[in-house]
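In case you want the letters, here they are:
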4 protein chains.
Amino acid sequence: MTAFPSHPFDFHAVHSEDDDHFHEECGVFGIFNQPQAAEYAVLGLHALQHRGQEAAGITSSDGKSFFAHRARGLVGDTFSDPRIMQTLRGSAAIGHNRYATTGEAAAHNIQPLFAELDTGGLSLAHNGNLTNASFLRERLIKDGSIFQSSTDTEVIMHLIARSLRSHREDRLIDALSQIEGAYSIVALTNRALVGVRDPLGIRPLVLGKLGEAHILASETCALDIIGADFVRDVDPGELVIINEHGLESRRPFAAQKQRPCVFEYLYFARPDSAWHGHNVYDVRKQVGEELAREHPAEADVVVPVPDSGVPAAIGYAQAAGLPFDLGIIRNHYVGRTFIEPTQQIRHLGVKLKHNANRRQLDGKRVILVDDSIVRGTTSTKIVEMVRAAGASQVHMRIAAPPTAHPCFYGIDTPEQEQLLAHKYDVKAMAKHIGVDSLGFISMDGLYRALGHEGRDKDQPHYCDACFTGEYPTVLTDKER
Amino acid sequence: MTAFPSHPFDFHAVHSEDDDHFHEECGVFGIFNQPQAAEYAVLGLHALQHRGQEAAGITSSDGKSFFAHRARGLVGDTFSDPRIMQTLRGSAAIGHNRYATTGEAAAHNIQPLFAELDTGGLSLAHNGNLTNASFLRERLIKDGSIFQSSTDTEVIMHLIARSLRSHREDRLIDALSQIEGAYSIVALTNRALVGVRDPLGIRPLVLGKLGEAHILASETCALDIIGADFVRDVDPGELVIINEHGLESRRPFAAQKQRPCVFEYLYFARPDSAWHGHNVYDVRKQVGEELAREHPAEADVVVPVPDSGVPAAIGYAQAAGLPFDLGIIRNHYVGRTFIEPTQQIRHLGVKLKHNANRRQLDGKRVILVDDSIVRGTTSTKIVEMVRAAGASQVHMRIAAPPTAHPCFYGIDTPEQEQLLAHKYDVKAMAKHIGVDSLGFISMDGLYRALGHEGRDKDQPHYCDACFTGEYPTVLTDKER
Amino acid sequence: MTAFPSHPFDFHAVHSEDDDHFHEECGVFGIFNQPQAAEYAVLGLHALQHRGQEAAGITSSDGKSFFAHRARGLVGDTFSDPRIMQTLRGSAAIGHNRYATTGEAAAHNIQPLFAELDTGGLSLAHNGNLTNASFLRERLIKDGSIFQSSTDTEVIMHLIARSLRSHREDRLIDALSQIEGAYSIVALTNRALVGVRDPLGIRPLVLGKLGEAHILASETCALDIIGADFVRDVDPGELVIINEHGLESRRPFAAQKQRPCVFEYLYFARPDSAWHGHNVYDVRKQVGEELAREHPAEADVVVPVPDSGVPAAIGYAQAAGLPFDLGIIRNHYVGRTFIEPTQQIRHLGVKLKHNANRRQLDGKRVILVDDSIVRGTTSTKIVEMVRAAGASQVHMRIAAPPTAHPCFYGIDTPEQEQLLAHKYDVKAMAKHIGVDSLGFISMDGLYRALGHEGRDKDQPHYCDACFTGEYPTVLTDKER
Amino acid sequence: MTAFPSHPFDFHAVHSEDDDHFHEECGVFGIFNQPQAAEYAVLGLHALQHRGQEAAGITSSDGKSFFAHRARGLVGDTFSDPRIMQTLRGSAAIGHNRYATTGEAAAHNIQPLFAELDTGGLSLAHNGNLTNASFLRERLIKDGSIFQSSTDTEVIMHLIARSLRSHREDRLIDALSQIEGAYSIVALTNRALVGVRDPLGIRPLVLGKLGEAHILASETCALDIIGADFVRDVDPGELVIINEHGLESRRPFAAQKQRPCVFEYLYFARPDSAWHGHNVYDVRKQVGEELAREHPAEADVVVPVPDSGVPAAIGYAQAAGLPFDLGIIRNHYVGRTFIEPTQQIRHLGVKLKHNANRRQLDGKRVILVDDSIVRGTTSTKIVEMVRAAGASQVHMRIAAPPTAHPCFYGIDTPEQEQLLAHKYDVKAMAKHIGVDSLGFISMDGLYRALGHEGRDKDQPHYCDACFTGEYPTVLTDKER
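This is a predicted model, so every value here is computed, not measured.

Re the overall build of chain A
If you tally the helices and strands in chain A, you get 18 helices and 23 strands. Against the compact-globule benchmark of 23 Å for 480 residues, chain A has a radius of gyration of 23 Å, which places it among compact chains. A principal-axis box enclosing the C-alpha atoms of chain A has dimensions of 70 × 50 × 50 Å. Here chain A holds 480 residues, and 62% of them are scored as buried. In chain A, the proportion of contacts linking residues at least 24 apart, taken out of those at least 6 apart, comes to 72%.

Following this line, the structure appears as structure tokens:
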């Protein structure tokens, strides 16, 4: 979601300095033709919680009216009150998990959004980011639209509201034809559940079935949790309309070669999810195996930075024939609101989340496997911790290429100037982080791990702009 | 505020059955050119708390940006956090107290509202009710406006946003020229505070001055609390623009004879407030005196139903030469959320708030003075309580004419079918309530208490539609 | 309750500077043989809310087990949750309202307290203050008792726990025989409700009946709210045991002449309550009449400082033949937590609660009637406000003698050095407060208002120590 | 902690049915001679959060006074408010994490407890469980002690309070000489930090040093987080007194052969902790290796039940030469308060926390490694889930012997009748759970993994009563 200038009703969330990762901004879920639809939505959103922990919302419909609840906090906490769930009536529902960037934590930014159109109500939730949202927002304000949130999702809502088409689905298509960027959308009318994925398919969206009910979700793990079967990916550029007559597929946009986000495989998605035929855990393990081939090292043990580095570390260890051990232990009780440390104890930093398992590291040559390096702050602290625990050598291996470019498609990335890979080459990065050696998976290695022969420069199979700077869409707002 | 079909993000408040009064729906306050403007707004809203206890909001501006906080609850509770007050920067602010009707208690309905226009931000708060809000809302939705609240205030915001005029004040005038009904509005841009009152002046709005600062408020008691001087009423149909150059008065609407709400004098307003030259306490006491003349009774004591019946009872007792005594004691600790009584003890009802002071009632002929009778539920219980305390006779005197008609101008009134004066004549009402005699002030008596010779049928000085059914504006929504 | 050195688990409440009154510290309620006993206790505590607004607690029993809930806040707020009420099972219950002095607001200080004795459980609530609590506490700690609260009530609990008697009622008597001071206690075992009042009857306690149920309460207004009949006062020194066999009265202590607190009549109690044959409203009105005779003044209007000054002002006006008018309006929405005012607007102080009704004061000679003067801070501000509203003369009349001495019997009074009547004579007080004349009711006048010929110096009928300094009990802790 | 009959001020927590593990009940931490001691305590408790998530408390002292805060919830949440931390002054502090069994979640049960003794204040926190607490409690109540909590820790407090010795440390020893069972205690006076471990050393307690500060903690991971050095285990039966003169060790109890809890190694402790020379992760991996030797299986992949089964699964896979893969993914966002599922979707149960990673399981012969089987409910669901994901065979291996006996030493275990190993032999358990084969580590294998030759039946090195039923202490309460 684009960070518009803060609305006066916004309040500001503060993010931890030590949280040195790219962040997915959203997860979406929709279900149609299922009694207790909202309860299924809660479960689906719970399975997608890793895609956004700031807030969650659900809109349901009983075919006549709409019911909604939106709240900050984890799904399991905010939707645990039976009195709330009883109000979310009906056999159709959509839901949304939200990751908030600074300054956007206000309640009115929580999705799904809702608009009463003259053709009836419409609720909509969106994962992704528009690259011409500012441009459209300015035009809409000039035309008299009032924005209540600072989300780009509301731009889509206003385009729908102003469309002159007479059916809600046509209005949605009309709106989508004006936007650029990445989006996977679920929308709910009193009659239909709609899912749509941008023409490049940058953000994921899958289709499932549970008895007579159809399900849309960002990841397959949200199908698993409710026992639904995976049917297929929603195709890039496809719009599916699910109503009492079943599922109808439309292709309102010109065909383009798909470019799904490769970073979903590397970091965001849950290891037990799958799209486009690839299981996420498998991909990460394959990357680890490629990494072992590309960047071998004389070592005694392969240690993951938990939890995200684990699958690649397993792959690396198996390919390298080295023992895999948990040399770093993660404390999962770290919430969003840990004590503001005083200056004196701030240096403890990383230990709130990670601790060296000294016995597995002391005197050993360690291959440390992590998922990515963003600003390098966490990596530096982890390496320091591993050395303090007695490691004689630290060889860092990164299960992603260097991330040198910001994302404009729904990922929260720091300013480009803060990206370590933007400032340094690998050698300088190794020195900065304090490792004996540093190796990133190559672009070709990454594509091999995904079953290709390497990266096809003319027609890459994925959006890999954060590594290459090759953005697959126009960037209207950026260029203005 | 019009009760539109509930928005799915609304939640529902439940009102006590025993709260048998008409209810004011809002109070507004604005201040310009005063450092710590928001703190003054908090005090002003506190003084206006009787006009709405459900929620409150403040928007401030420092000349560049806008800052806002809105919350459910009493002003003194929700704005008691210094961390919130520190965020409300700037030397101009507007505020709003809100009384919520069922189904509209959601956060997005709390005023002031805010819109980012292409000509800059505008925040607005409204006391009153539009009589063509539904009509306009439908038209606006057809044109693609998205409503986020179920308030009629948002209709005004959308009309402003869609106006083709280039200055914000002109856009406001443009919007006002399309609405019908009652409104006292305060609005804030980054450069000006604007106040406006509908052409009939149905809802009150006064102007004050504190040093260099100008103040707008629903009642004079909000001037008193901050030590400001009362300057004058804002005239019906007048629009005042207060900015760095001072105060400019405009009369954008055709002149009409004013019709301020007479019920403000009788019940809503604080006794220490004044408009149009009349002190509220004085008016109520005069009504009591008229009532003594119109409906005398042989009795031992005059007892008010506290607190609202007190001034009229003092007037009655003085005119009748009878002792005035507190024969009913009110418990002020009754909040909104008292225990849901079980069936068995629900009959205790009125005693949560009122208790008979037996020693002042036992064996006495009692004249009971109350401000009005709405559904009659409370009156019946009070009379029963007074009799149980030993009163030998109960003569009820009401300091208002019978309320037989609903209000469409910002007062929360029950369905007409529920109004006792709609169902019964005075004699039948007396029997229903269980009193030995019942007397209402006459229409002419009411006007005499306000300094007139009686009610001028052709040109009444006040809006008295709740008594007479003569509505001074068109009622577009009702007629559709 | 004695303010012991703060327990480390206490947290600190801050009281408003402007709250310039003596404060009652507690109200108690008990009911036996009534299904839904806890709901009745909630209503009783609600009626007694004026005796303590900080916190409330209820213990109930079903004859076998005990159930309890204690919480900060108003009764109507904290006991409004049906889920809590459902847990308070049984046909017997006791309850307690608490006013907290600084430093004692912690949850473990909320009464009723509970102890599991070897003879069964016992819960107890206490209104009053022991004058040898510190002495006993030290002795108990030396003997190995662990104190969990900083209340003197816990001293009683430990004395009960350590008593060698075998019945719970005898243990209570054993404990009471060791304490000095003022106490009205309700206690609950699984078999009986016990009420006891100290030998001088300093704090009130009344007995009521509702069908088969017996009720104990601090004031009669708590009987009225549940429709119970007033039976009689519990006698000073009397202990009543209410169980399945009915009510048994014991007199375990040597007979003494009763000395009920006269300040209960003047300020603490609700006007609709009565003890020892005197209705509180009546007494206040009589005091006003005496005051009119003792301290007449040439004036145009009698104006009460609301709410507590109203009955005396009515009495004064009737005796003096002067009009009574509400020249000061009170805002009842002032809660405990109003916004911390900045220095600049702190001078607004009193206006948060009171506002002058200018029209009733302007150009008039005003007799201002208040209930008492404590530190004089509020009086000074009120007089200033009344003069600013145009009063040509202000004659203050106080419906109590000068309060020159602290209370050790359960009333929260400031340090003696802060009491205006301790520092100044009446003339100097008048000058300090800024009035044209100042008159206090005389001690004899006060006793006359209560139906006596005057104060019998050898055997005063009431505890009037706060006026006279004649304390009717030993003050062990103070003397140590 | 013993579950005494519920105190009426207790409220009831509800535990998930699906949480099918033994539960540690507490973690303790103490620090002396460190400015900002309380902040270090927060970090230490955060590292020990796995030992109790229900509530946490800290008492600090500045050498004169004591300061305390206790709250329900995670350490990082409840101690994140700087205003709370500022109140916890001084350079010495103790803290406690609490796991609550049903019915004991009330605030007054949160440790550390505090008592004001005539020799000064004493605060105390306790991990473990007394086996004669009920006996002592009854005796103390008979003697007049009042219990405010339902914890056995309060028994220790009362014994201390009643001791006739004159120094607080001697009183503690006096108290400890009367109790039986398991305890690791940290206590704080205004002058000293005291740590003590029961004579058998059943519960852990380690000693650390950070500059001039001494630290006591349940596990070494609490030393790591603050950068402290591990010094040594506190010896079974040892009492250490840390004050301004340094550390003094006392052995007040007769020497016994130590019997530390073996289950700490197998499940409770964090993998990065160590006692008595054994790193927890190492032990678990060794158990996995032993398990591979004792219970081999023809299989394609070794899959852990995350997170606790991971180390043993790694050991098993390495010993068996089989690939290790994450065939089950754990959702770490499952909090305590997840939505109450309706009957219809309750069968989803285990999926809230675990999901099968189908790609790693489909068509494979799977060795599933878990830490223990308690009631078998979770195991049954996990096996079902793994089979539904396509596993052709499921061979379950448990990294603990069958748990057939309840623990009386501070572990929350179900009633013996609910323990699957109490009801069935291994074959029947395998059938019940639905696996192709089931293998538990043998008792001798377990001891071998800990570096012994096997279990010495006459003098076992550990408390293994939950496996063997051989309780190393008398069980006074149980026998009564």
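Brief notes about the packing of helix α5 (residues 153-162) of chain C against helix α6 (residues 168-176) of chain C
Residue and element names in this part refer to chain C. The N-to-C vectors of α5 and α6 enclose an angle of 125°; their axes lie 8 Å apart at closest approach. The angle between the axes of α5 and α6 places the two elements in the oblique class. In this structure, α5 crosses over α6, and the sense of that crossing is right-handed. Residues I156, L159 and I160 of α5 form the contact with α6, whose own contacting residues are R171, L172 and A175. The class makeup of the residues in the contact of α5 with α6 is five nonpolar, no polar and one charged.

Structural notes on the relation of the copies chain D and chain A
Here the second copy of the chain follows from the first by a rotation about an axis and a shift along it. Expressed as a screw operation, the relation of chain D to chain A combines 0.0 Å of axial shift with a rotation of 180°, fitting to an RMSD of 0.1 Å. Interpreted geometrically, this transformation is the action of a two-fold axis. No C-alpha of chain D lies nearer the rotation axis than that of H332(D), which sits 3.6 Å from it.

Here we look at the relation of the copies chain A and chain B
Its rotation angle being 179°, the transformation that places chain A on chain B also includes 0.0 Å of axial translation and leaves an RMSD of 0.1 Å. A shared interface surface links the copies, since 100% of the contact residues of chain A are contact residues in chain B too.

Topic: the interface of chain D and chain A
Residue-level contacts link 54 residues of chain D with 54 residues of chain A. Those elements that provide at least two residues to the side of chain D that touches chain A are α1 (37-47), α2 (75-78), α3 (82-87), α7 (221-224), α9 (280-294), α10 (310-320), α11 (343-346) and α12 (358-361) of chain D. When residues in the side of chain D that touches chain A are grouped by element, the largest group, five residues, is from α1(D). The residue inventory of the side of chain D that touches chain A, partitioned by class, reads 27 nonpolar, 17 polar and ten charged.

Comments concerning the nonpolar core
Among the nonpolar cores identified, the biggest contains 313 residues, and A41(B), V386(B) and V386(C) are the most heavily contacted of them. Every residue in contact with V386(C), bar those within four places of it in the chain, is listed here: A356(C), L361(C), V366(C), L368(C), A391(C) and V394(C). By size, the runner-up hydrophobic cluster in this structure holds 312 residues, among which are A38(A), A93(A), Y99(A) and V303(A).

Considering the interface of chain A and chain B
The parts lose accessible area when they come together, and the size of an interface is often stated as this lost area. Facing the 25 residues of chain A at the interface are 25 residues of chain B. Of all elements in the fold, only β4 (66-72), β6 (113-117), α4 (133-142) and α5 (153-162) of chain A reach the threshold of two or more residues within the side of chain A that touches chain B. Tallied by class, the residues present in the side of chain A that touches chain B amount to 14 nonpolar, six polar and five charged.

Regarding α10(D)
All names here are of chain D. Counting buried residues in α10 gives nine out of eleven residues, a clear majority hidden from the surface. Among the residues of α10, V310, P311, A312, A313, I314, G315, Y316, A317 and A320 are the ones counted as buried. Contact partners of the buried residues in α10: α9, β17 (301-304), β20 (365-370) and β21 (393-398). Positive backbone phi, approximately 65°, marks G321, located one or two places after α10.

Here we look at the packing of helix α4 (residues 133-142) of chain D against helix α5 (residues 153-162) of chain D
Residues and elements named next belong to chain D. Interhelical geometry of α4 versus α5 gives an angle of 45° and a closest axis separation of 10 Å. Considering their axes alone, α4 and α5 lie oblique with respect to each other. The element α4 and its partner α5 pack so that their crossing is left-handed. Contacts between α4 and α5 involve A133, L136, R137 and L140 on the former and, on the latter, V155, H158 and L159. Of the residues in the contact of α4 with α5, the class split is five nonpolar, one polar and one charged.

Description of the arrangement of the chains
When C-alpha atoms are compared, chain A and chain C, though not in contact, are closest at a spacing of 13 Å. Spatially, chain B is disjoint from chain D: no contact exists, and the shortest C-alpha separation is 13 Å.

Focus on the domain arrangement of chain A
Residue and element names in this part refer to chain A. The assigned domain composition of chain A is domain 1 (23-258) and domain 2 (283-468). On a C-alpha basis, the centres of domain 1 and domain 2 stand 33 Å from each other. Every contact between the two is made by 16 residues of domain 1 and, on the other side, seven residues of domain 2. Residue assignment for the side of domain 1 that touches domain 2 shows that the elements contributing at least two residues are β1 (23-24), β7 (120-130) and β8 (181-188). The element best represented in the side of domain 1 that touches domain 2 is β7, accounting for three residues. Its residues assigned to classes, the side of domain 1 that touches domain 2 shows five nonpolar, seven polar and four charged.

What to know about α6(C)
Since the α-helix turns once every 3.6 residues, residues separated by three or four places project in the same direction. Residue and element names in this part refer to chain C. Here α6 has its buried residues at R168, E169, R171, L172, A175 and L176. The buried side chains of α6 occupy one side of the element, clustering within an arc of 160° when seen end-on. Against β6 (113-117), β7 (120-130), α5, β8 (181-188), β9 (192-197) and β13 (239-243) lie the buried residues of α6.

A short note on the sheet that holds β20(D)
Residue and element names in this part refer to chain D. With respect to topology, four strands assemble into an open sheet ordered β17-β20-β21-β23, the strand pairing being parallel. Each of the sheet's edge strands pairs with one partner strand only, and the pair in question is β17 and β23 (437-440). Neighbour to neighbour, the strand axes of the sheet diverge by 20° on average, direction disregarded. Relative to β20, β17 runs parallel, the two sharing four bridges. Looking at the pairing, V302 lines up with I367 of β20.

Things to note about the confidence of the model for chain A
All names here are of chain A. Mean pLDDT over chain A works out to 90, with 91% of the residues at or above the 70 mark. Counted against residues more than four places away or in other chains, residues 1-6, with its pLDDT under 50, gives 18 contacts. Note that residues 11-18 has pLDDT below 50 and, in this model, 14 contacts with residues that lie over four places away or in other chains. Scored as a whole, the predicted complex attains pTM 0.91, and scored at its interfaces, ipTM 0.92.

Considerations on the sheet that holds strand β20 (residues 365-370) of chain B
All names here are of chain B. Taken in spatial order, the four strands of this open sheet run β17-β20-β21-β23, and their pairing is parallel. This sheet does not close on itself; its edge strands, each paired only once, are β17 (301-304) and β23 (437-440). Adjacent strand axes in the sheet meet at a mean angle of 20°, parallel and antiparallel pairs treated alike. Pairing of strand β21 (residues 393-398) with β23 involves four bridges; the strand directions are parallel. In the sheet register, R397 faces β23, and the bridge partner there is G439. Where helix α13 (residues 377-388) meets the sheet, its contacts fall on β20 and β21, and the angle it forms with β21 comes to roughly 150°.

What to know about the environment of D456(C)
Relative to the assigned elements, D456(C) resides in the loop between α16 (443-449) and α17 (465-468). In sequence terms D456(C) and D444(C) are twelve residues apart; their C-alpha atoms lie 8.7 Å from each other.

Brief notes about the environment of L361(A)
If you trace the backbone, L361(A) turns up in helix α12 (residues 358-361). Among all residues touching L361(A), those that are not within four sequence positions of it are G327(A), A356(A), V366(A), V386(A), A389(A), G390(A) and A391(A).

Examining the pairing of strand β5 (residues 92-98) of chain B
Successive side chains on a regular strand alternate, one facing one side of the sheet and the next facing the other. Extensive coverage of β5(B) is indicated by the burial of seven of its seven residues. With burial as the criterion, each face of β5(B) is covered, one bearing A92(B), I94(B), H96(B) and R98(B) and the other bearing A93(B), G95(B) and N97(B).

Some words on unusual backbone geometry
Cis geometry marks the peptide bond from P306(C) to D307(C), where omega comes out at -5°. When you line up the elements, D307(C) lands in the loop between β17 (301-304) and α10 (310-320). In the Ramachandran plot, N33(B) falls in the positive-phi region, its phi being about 70° despite a non-glycine side chain. Unusually for a residue other than glycine, Q36(C) sits at a positive phi of about 60°.

Things to note about the pairing of strand β7 (residues 120-130) of chain D
For β7(D), the buried fraction is high: nine of the eleven residues fall into the buried class. Between the end of strand β6 (residues 113-117) of chain D and the start of β7(D), which pair antiparallel, lie two residues.

Definitions and limits used
- Residues numbered from 1 in each chain as written.
- Chains lettered and ligands numbered in written order.
- Predicted model: local features only at pLDDT ≥ 70, side-chain atom pairs only at ≥ 80, totals over all residues.
- Helix = DSSP H or I, 4+ residues; strand = E, 2+ residues; numbered from the N terminus.
- Rg over C-alpha atoms; globule rule 2.2 N^0.38 Å.
- Buried ≥ 20, exposed ≤ 12 C-beta atoms within 10 Å, placed from the backbone.
- Contact = placed C-beta atoms within 7 Å.
- Axes fitted to C-alpha atoms, helices over the stretch in contact; angles between N-to-C directions.
- Parallel < 35°, antiparallel > 145°, perpendicular 65-115°, else oblique.
- Left-handed = near helix turned anticlockwise from the far one by under 90°.
- Nonpolar A, V, L, I, M, F, W, Y, C, P; charged D, E, K, R; others polar.
- Least-squares fit on C-alpha atoms with pLDDT ≥ 70 in both.
- Core = buried A, V, L, I, M, F, W, Y, C linked by C-beta atoms within 7 Å.
- Domains from an automatic or database assignment.
- Arc of directions from axis to C-beta.
- Pairing = 2+ DSSP bridges.
- pLDDT = per-residue confidence, 0-100.

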